[in-house]
Protein chains: 12
Amino acid sequence: MSVVKSTLSDEDRGVVGNALQGALVDLVDLSLVAKQVHWNVIGPRFRSIHLQLDEVVAIARTHTDTVAERASAIGVSPDGRAATVAKTSGITEVQDGWIKDGEVVRTMVSALGAVIGRMRERITATEKPDPVSQDILIGLTADLEKHRWMFQAEAHH
Amino acid sequence: MSVVKSTLSDEDRGVVGNALQGALVDLVDLSLVAKQVHWNVIGPRFRSIHLQLDEVVAIARTHTDTVAERASAIGVSPDGRAATVAKTSGITEVQDGWIKDGEVVRTMVSALGAVIGRMRERITATEKPDPVSQDILIGLTADLEKHRWMFQAEAHH
Amino acid sequence: MSVVKSTLSDEDRGVVGNALQGALVDLVDLSLVAKQVHWNVIGPRFRSIHLQLDEVVAIARTHTDTVAERASAIGVSPDGRAATVAKTSGITEVQDGWIKDGEVVRTMVSALGAVIGRMRERITATEKPDPVSQDILIGLTADLEKHRWMFQAEAHH
Amino acid sequence: MSVVKSTLSDEDRGVVGNALQGALVDLVDLSLVAKQVHWNVIGPRFRSIHLQLDEVVAIARTHTDTVAERASAIGVSPDGRAATVAKTSGITEVQDGWIKDGEVVRTMVSALGAVIGRMRERITATEKPDPVSQDILIGLTADLEKHRWMFQAEAHH
Amino acid sequence: MSVVKSTLSDEDRGVVGNALQGALVDLVDLSLVAKQVHWNVIGPRFRSIHLQLDEVVAIARTHTDTVAERASAIGVSPDGRAATVAKTSGITEVQDGWIKDGEVVRTMVSALGAVIGRMRERITATEKPDPVSQDILIGLTADLEKHRWMFQAEAHH
Amino acid sequence: MSVVKSTLSDEDRGVVGNALQGALVDLVDLSLVAKQVHWNVIGPRFRSIHLQLDEVVAIARTHTDTVAERASAIGVSPDGRAATVAKTSGITEVQDGWIKDGEVVRTMVSALGAVIGRMRERITATEKPDPVSQDILIGLTADLEKHRWMFQAEAHH
Amino acid sequence: MSVVKSTLSDEDRGVVGNALQGALVDLVDLSLVAKQVHWNVIGPRFRSIHLQLDEVVAIARTHTDTVAERASAIGVSPDGRAATVAKTSGITEVQDGWIKDGEVVRTMVSALGAVIGRMRERITATEKPDPVSQDILIGLTADLEKHRWMFQAEAHH
Amino acid sequence: MSVVKSTLSDEDRGVVGNALQGALVDLVDLSLVAKQVHWNVIGPRFRSIHLQLDEVVAIARTHTDTVAERASAIGVSPDGRAATVAKTSGITEVQDGWIKDGEVVRTMVSALGAVIGRMRERITATEKPDPVSQDILIGLTADLEKHRWMFQAEAHH
Amino acid sequence: MSVVKSTLSDEDRGVVGNALQGALVDLVDLSLVAKQVHWNVIGPRFRSIHLQLDEVVAIARTHTDTVAERASAIGVSPDGRAATVAKTSGITEVQDGWIKDGEVVRTMVSALGAVIGRMRERITATEKPDPVSQDILIGLTADLEKHRWMFQAEAHH
Amino acid sequence: MSVVKSTLSDEDRGVVGNALQGALVDLVDLSLVAKQVHWNVIGPRFRSIHLQLDEVVAIARTHTDTVAERASAIGVSPDGRAATVAKTSGITEVQDGWIKDGEVVRTMVSALGAVIGRMRERITATEKPDPVSQDILIGLTADLEKHRWMFQAEAHH
Amino acid sequence: MSVVKSTLSDEDRGVVGNALQGALVDLVDLSLVAKQVHWNVIGPRFRSIHLQLDEVVAIARTHTDTVAERASAIGVSPDGRAATVAKTSGITEVQDGWIKDGEVVRTMVSALGAVIGRMRERITATEKPDPVSQDILIGLTADLEKHRWMFQAEAHH
Amino acid sequence: MSVVKSTLSDEDRGVVGNALQGALVDLVDLSLVAKQVHWNVIGPRFRSIHLQLDEVVAIARTHTDTVAERASAIGVSPDGRAATVAKTSGITEVQDGWIKDGEVVRTMVSALGAVIGRMRERITATEKPDPVSQDILIGLTADLEKHRWMFQAEAHH
């Protein structure tokens, strides 16, 4: 009972739909995690990291929307509800409470690394069935890898 | 042991911290719910409601940030993680899958109504202990009630 | 047969609805009066007062919209029609024809004073039944009192 | 005792002054009527019409100012006070209370139609005595007829 | 007698040139068709669809320019003249006269579907000979499929 | 049977409708012709003319929209489809392929001249039946004649 | 021998060319006169009049350009050189040296009056030979008369 | 003898005037102190703190203006002269000369803390006599407490 | 123990440092004085002078920052604290309380005159030791002398 | 008798006043000359030179204002009236009528050269009496010499 | 001792790192070469080419940054120092001194051609090891080929 | 065979030309060095310094352009090619590879110091032959010294 008719075959739509749904959940969680540490970071580097995290939130939100609407565009209903995110995100839950600046940097390197690893698999998986969706995943991975580099550079002593 | 020293007494901080933490969770969930139906709405009124929902997302995100940073400002660590939102939100979980436009309108009237009811209680609870936090809650409730009116007006036949 | 369901009790809604309807009429008339003298002012101070009046028009229009939509938000249908304004405004009708600059200043001090007096009563009346509406009335009164000060300062010789 | 000396003869100024005064009243009332239904519209098309009406308000206000200042420029004192509008407007008074979206559309088609009919007569009346004022009336009539078309298109089933 | 020397071999240039010329014609026609129904749509959903169509026109025009200049960049003279568009467009000619809103939605789903099908073939055809041109076609197809989803969502009852 | 009721008599509407439909077709074609040579121009003056042509495209598109919506506003359905343009445009079809800069200038002088000649007739034809439409035609002719002057100035050796 | 070929007959071009050349000179001089008193005004109203004069300069410069390029567009070479302006302007030369604010206001009322009188004649003269040029003269006269009203209003005691 | 007539009783005006005058002095000094350390800060965190301090200056200046004009609006002449600030500010004078980044952070935590403590008392004092002034004090205290949190977070090791 | 190493010799740095420190204090006080009379001015010219004073504040603040950071750049710690300003400013303290518009104009002519006199000496003193600092002092003196002219022009009767 | 009191001695004011008055006249004429050829240029390079000339007009107008207000600031009444410009400008009068593009370039090289030569003398003359005025003349000469270089580069074959 | 850990294998990182380092050097040199001829171009087409070259500089700088930061993101330290650029750029060194406009066009066609040839190889080399880096190279090659077309078009006689 | 004729004598042009050519090379290299460390910086202060360096790049690029075009304006062909920069820059070559944040700060203090020392000599050298060029060198030295102060402040422990 497809509401939105896809240009893809059923099989291709299944593969691509899974990749996009997974990306959507990871990106929503990335935005929530980045906001959580944006509010709770403490330490001498507070201000710099506080601002840096809002840039991560901004790109995570933008790409979330693109990925979710791409799912709709190929006829797959996207699911970005809180419970779905809590259950299926690829990011390890962050601690609650205040968090030291150095710890925030390590948290973000790890969270971005987890998401990037899964995005790389999605890029491979979607290449044949849908180069249009793949192009979107490639573009957002470039942004994620750029932000991981910057947190890695900051983690160096 | 308090990282951020509060201008409030311990007791007042407890009351106000609860109110702000509750508001934070409700507002994060409101933004996730509004995005969920923004992506999944179908029916003749698709475009109008699709755009209207992004206005709800925008105000929910802005007020989330204000409320969370207000909690930090009074020395209470805010918690906006996915699992916390999934567990403690005041909004009934929305259905997954495509959702008809009329149903989206009813969903939003109900979600906004649930959040507003709790906000009204928080306005009362914070009046004495912290008029500064109360003023923030009053301001965001005005926005939520305005949006509830607009969805109610649309729900009329 | 309430089209828009209110979060307020019937009694509170009555009180707050009256305050908002009164504010709405006063603000519409304030914008019409300020435009009337904006077009008809003559005298050496023409340009300065002509521009100053458009600032009054701008804030009167903005607050009119906020107040009218607040009435809708609490389930009370707002009435800003010309006849209603002509009949129930708190501002004494201004003279027709060209009007000297000094006279314009006195007219605005008096018109703003009349509206402010009524707004102060509405702030008191809405405090208990609806702090959200009260906050809106407080905010617009600050603007009106600022403009009254400026016209008073100009009236001094 | 003409405060502002006109480039027009007394007779021409009389004809043109009447046309501009009439246009001014119709345009003020159009802005008040459009705001009234902007606040009171209900029904599934609420949001679309709510926004559309603010565009009518915007052009009505802009042309009001142009027309009133044109009257001043030819030496005729303009009158845009609430009572004058209530008494001499060409628009039938709209009902109070909530108003269904379809009814709003019909109201606007009729209100715009009434104003346009009178503007057409003013275009004819001012052609000889003052092509400068006529050009202003022609320009605003184009805007009014564009908006009437759009409401008419929406009124079609 | 190539005016603009290509980085591509003659054979590759032929294949890619055909793909780009076809895309150019489809996109010009898409912009003309969208404007045609933008002006002629009638029915209760007039305003929403009228605005939505201008977004299609905007993306069609932007991509038309990119595709045409890409043809020039690989040394192939682009042809976007009215007669060429009328003869070789992949979109079925739309009816003349006023057109009901529901019919407009169906027309756009079908027009976008026809163009997307041909774009998908062009993506495949250009992959080997010119990944630079392919990337442009992938990017614009994402936009077209997003708009087709939105019209499909609106077509649902 | 008229979807959009006109303020004009049937006869006047016929005359004005013809003028506007003709103007619409000429302007759409002008934008297509200007884009065609914008992409295909070669020679030392390439960049200057390439940019100049996009200014012609911009004014042609803006006036196209105004003219088409004016037709709708007087109750005449506008027709801007590719085949209609190809068949009824007043501009001689331009050559395909690369085109030397001097030749582009001559092409534009001639295309603009053809359109201007027909616009002048439409200005005369619409004066009595509809000064509102005439005013629109006068305004766009000023723009066209300005651009023809600039291309003529460039054609001079 | 004509560099820029006109759409007008030789006779019409002569009449319209004279009107435009006269308007050009008057407008250049108006901008120079307004700047002269902008720099030399003294007295309690200095700042208000200083700013007001720059608005006159701005509209004079904008209309100068439009009028001069309109002359070029009909094939008549415009002449805006200092000596031509000094010799043929319709504005009486203003005094040198510091000038009291009240005197500035009277100077501007008189300068604008002189220019407006000549513009009115040009509107009449161009009506038949070229409604396009006439429309430009009508539009700028509206601006000049608006500014004259404002200086007249200020001249009133 | 009152130049600006107040809506408040003499007694209320006295209380509120004191609160506003005190707030004005504290805010002027806060802006001077923040600028002083903005120019003199040294150490590895120089740039981040240098920028952060300008945000404090910006909000201090904005609120200073609001508070001073509020005093005028209730008929109390505000005093923000250097000597008055030097004598009555609630902030302990900062050291002269270069100042290490960590010391700057401590200085700001302490300066903001001193001002906030006094503002809290003013919020209590103005509640009954003038809710309009109180609302202004509540709003600026929210900003001050937000900035104190951020400096506190940075002070943590 | 110079924190910031200067490009100037110790002697030159002493001379230039004195000039900049003096300029800094004068400019801070100028901004405080201008704000003081901005809030306290009364009389018919209130609005014009109120706005004019904020332009003085804006340039005083901008140049203060430039001068203070120039001192830092040559290795001299700047001192802009309230007590330092109160003690060493070149401007005579202004009266407290409401102040008539004419008196405000005279106050500003005198305050600007005092600062300009000292700036002229600093321009001379810094010419040899540091043309870079001198250039900054020359630039800001141009702004101060422009504002003094405007207040002088207004002081003329 | 001096309306605006100068910081300069009478002798210095005389020298500097002459320099500024001369600069003012040259710059007004430069703007008129550049506009004259902006309207009358013909030939293949029309568009490029037409645009370039408006950049000269823009800088000439900006510097005119600065120079004239600098004269006022030192107590010398500036004279920028048409007759004064026609009589005392340092630029040779340009020919009337259409003018070929190459000739325009030569005209501008020569006009800019004449003005620059006189500006160089004014820089020398004002160095001792008023470094503030000199700095303004140095700054505008940099702009004039930049534009002369660009016209010279274009004059090269 | 990798500072930044890569998502790529060592071998893939080596291949992609070489491609990005090569691209970085070519793009830095392209920006330097384009600036060099931007400053030194002479001849009738000076202005048009002078402006066109700054567009090349802008895209070269933007892509340089993207490519260098992409290298960092995959854990490869980028090298854009002057000596490295001088030694390893793919662009033949341009002549010093003034350079005729036609020669500038040929220089740019050749410089762009050299860079594009090497970019095409890098697109092929990075396809398998890193589609994310490849996508960046594809995107910038599209821009380079567009600019080469425009210079080629200008080179045609 | 001077392409661009100078207002300076041959001798003066030689001196000034050398100063400008030297400044040009130093500024190009400063922009390349700042970009190099912008990409390679690592350590806890990464983000703050990364952003700070882009401000240095921005001012270096802006002043480079001004200086190079000033050389052209006095008839001296500027040379900013990679090899010229590599050979004649006043900045010691920076190391390749990742670079610790503290080391970056020291590198920039030293690079800016080297350039400033040479700029001071150029200011002295150009004073007599060309105050216009000197003024440009003075202005850019102010910017360079401001940035050196900020890096010095950050270098302090």
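All values derive from a computational prediction rather than experimental measurement.

With that settled, consider the overall build of chain A. Of the regular secondary structure elements, chain A holds five helices and two strands. Reading chain A from its N terminus to its C terminus gives the helix and strand order α-β-α-α-β-α-α. Since a compact globule built from 157 residues should have a radius of gyration of about 15 Å, the 16 Å found for chain A is in line with a globular shape. Dimensions of chain A, computed from C-alpha atoms along their principal axes, come out at roughly 55 × 30 × 20 Å. Sequence separation of 24 or more characterises 82% of the internal contacts of chain A that already satisfy a separation of 6 or more. With an accessible surface of roughly 5,000 Å², chain A has 50% of that area assigned to carbon and sulfur atoms.

Before going further, it helps to examine the packing of helix α1 (residues 10-40) of chain L against helix α4 (residues 101-126) of chain L. All names here are of chain L. Relative orientation of the contacting elements α1 and α4 amounts to 170 degrees, with a least axis distance of 10 Å. Here α1 is positioned roughly antiparallel relative to α4, judged by the angle of their axes. Touching Val 15, Val 16, Ala 19, Gly 22, Ala 23, Asp 26, Leu 27, Leu 30, Val 33, Ala 34 and Val 37 of α1 are Val 104, Met 108, Leu 112, Val 115, Arg 118, Met 119, Arg 122, Ala 125 and Thr 126, all from α4.

A few words on the relation of the copies chain B and chain A. The relation between the two copies of this chain is a rotation about an axis and a shift parallel to it. It takes a turn of 180 degrees to lay chain B on chain A, together with a shift of 0.0 Å along the axis; the resulting RMSD is 0.0 Å. What the superposition gives is, in effect, a two-fold axis relating one chain to the other. Of the C-alpha atoms belonging to chain B, the one lying closest to the rotation axis is found on B:Ala82, 2.9 Å away. A share of 100% of the interface residues of chain B reappears at the interface of chain A, consistent with the copies meeting face to face through the same patch.

At the interface, 36 residues of chain B touch 36 residues of chain A. Each partner contributes to the roughly 2,900 Å² buried at the junction of chain B and chain A, and carbon and sulfur atoms together form 61% of this total. The largest contributions to the chain B side of the interface with chain A come from B:Trp39, B:Arg81 and B:Trp98, which together make up 27% of the buried area. If you look at where chain B meets chain A, you find four salt bridges. Residue A:Arg81 is joined to B:Glu93 by a salt bridge in which the shortest nitrogen-to-oxygen separation is 3.9 Å. At the junction of chain B with chain A, the criterion picks out 18 residue pairs in polar contact (both at pLDDT 80 or more). Ranked by residues supplied to the side of chain B that touches chain A, first place goes to helix α1 (residues 10-40) of chain B with nine residues. Along the lines of polarity and charge, the residues of the side of chain B that touches chain A split into 16 nonpolar, eleven polar and nine charged.

Quick look at the UniProt feature "domain: Ferritin/DPS" (unreviewed entry) in chain A now. Here the UniProt feature "domain: Ferritin/DPS" (unreviewed entry) sits at residues 18-153 of chain A. Span residues 18-153 of chain A is 79% helix and 3% strand, its end C-alpha atoms 33 Å apart.

Take the interface of chain A and chain L next. On the side of chain L, ten residues touch chain A, which itself brings eleven residues to the contact. When chain A packs against chain L, the two sides together hide about 940 Å² of surface, and 63% of this comes from carbon and sulfur. If you sort the residues of chain A by the area they bury against chain L, A:Trp149, A:Ala153 and A:His156 come out on top, with a joint share of 45%. In this assembly, chain A and chain L are joined by one salt bridge. Across the pair L:Arg47 and A:Glu55 runs a salt bridge, and its minimum N-O distance is 2.7 Å. Mapped onto the side of chain A that touches chain L, the elements with two or more residues apiece are α2 (46-73) and α5 (131-155) of chain A. When its residues are assigned to classes, the side of chain A that touches chain L shows four nonpolar, four polar and three charged.

In this section: the environment of K:Val57. Residues and elements named next belong to chain K. Checked against the element boundaries, Val 57 lands in helix α2 (residues 46-73). When its relative accessible area of 2% is taken as the criterion, Val 57 is described as buried. Taking the C-alpha atoms as reference points, Val 57 and Arg 106, separated by 49 residues in sequence, lie 17 Å from one another. Those residues in contact with Val 57 that lie beyond four places of it in its chain are Ser 31, Ala 34 and Lys 35.

As a further point, take the relation of the copies chain A and chain L. Each copy of the sequence occupies a distinct position, and chain A is placed on chain L by a rotation of 120 degrees and an axial shift of 0.0 Å, giving an RMSD of 0.0 Å. The transformation relating the two chain copies, once decomposed into turn and shift, fits a three-fold axis. Measuring from the rotation axis to each C-alpha of chain A, the shortest distance belongs to A:Ser48, at 3.9 Å. Counting the interface residues of chain A, we find that no more than 9% of their copies in chain L are interface residues as well, pointing to two distinct contact surfaces.

This part covers the arrangement of the chains. In this structure chain F stays clear of chain I, and the shortest span between their C-alpha atoms is 39 Å. In this structure chain D stays clear of chain L, and the shortest span between their C-alpha atoms is 42 Å.

About the cut-offs
Residues numbered from 1 in each chain as written. Chains lettered and ligands numbered in written order. Predicted model: local features only at pLDDT ≥ 70, side-chain atom pairs only at ≥ 80, totals over all residues. Heavy atoms only, no water. Helix = DSSP H or I, 4+ residues; strand = E, 2+ residues; numbered from the N terminus. Rg over C-alpha atoms; globule rule 2.2 N^0.38 Å. Contact = heavy atoms within 4.5 Å. Areas by Shrake-Rupley, 256 points an atom, 1.4 Å probe, with all protein chains shown as cover. Axes fitted to C-alpha atoms, helices over the stretch in contact; angles between N-to-C directions. Parallel < 35°, antiparallel > 145°, perpendicular 65-115°, else oblique. Least-squares fit on C-alpha atoms with pLDDT ≥ 70 in both. Buried area = accessible area lost by both parts, 1.4 Å probe. Salt bridge = Lys/Arg side-chain N within 4 Å of Asp/Glu carboxyl O. Polar contact = N/O pair within 3.5 Å; in protein donor to acceptor, adjacent residues only side chain to side chain. Nonpolar A, V, L, I, M, F, W, Y, C, P; charged D, E, K, R; others polar. UniProt positions renumbered as here; feature names shortened; annotations may be inferred. Buried < 20%, exposed > 50% of the residue type's maximum accessible area, 1.4 Å probe, protein only.

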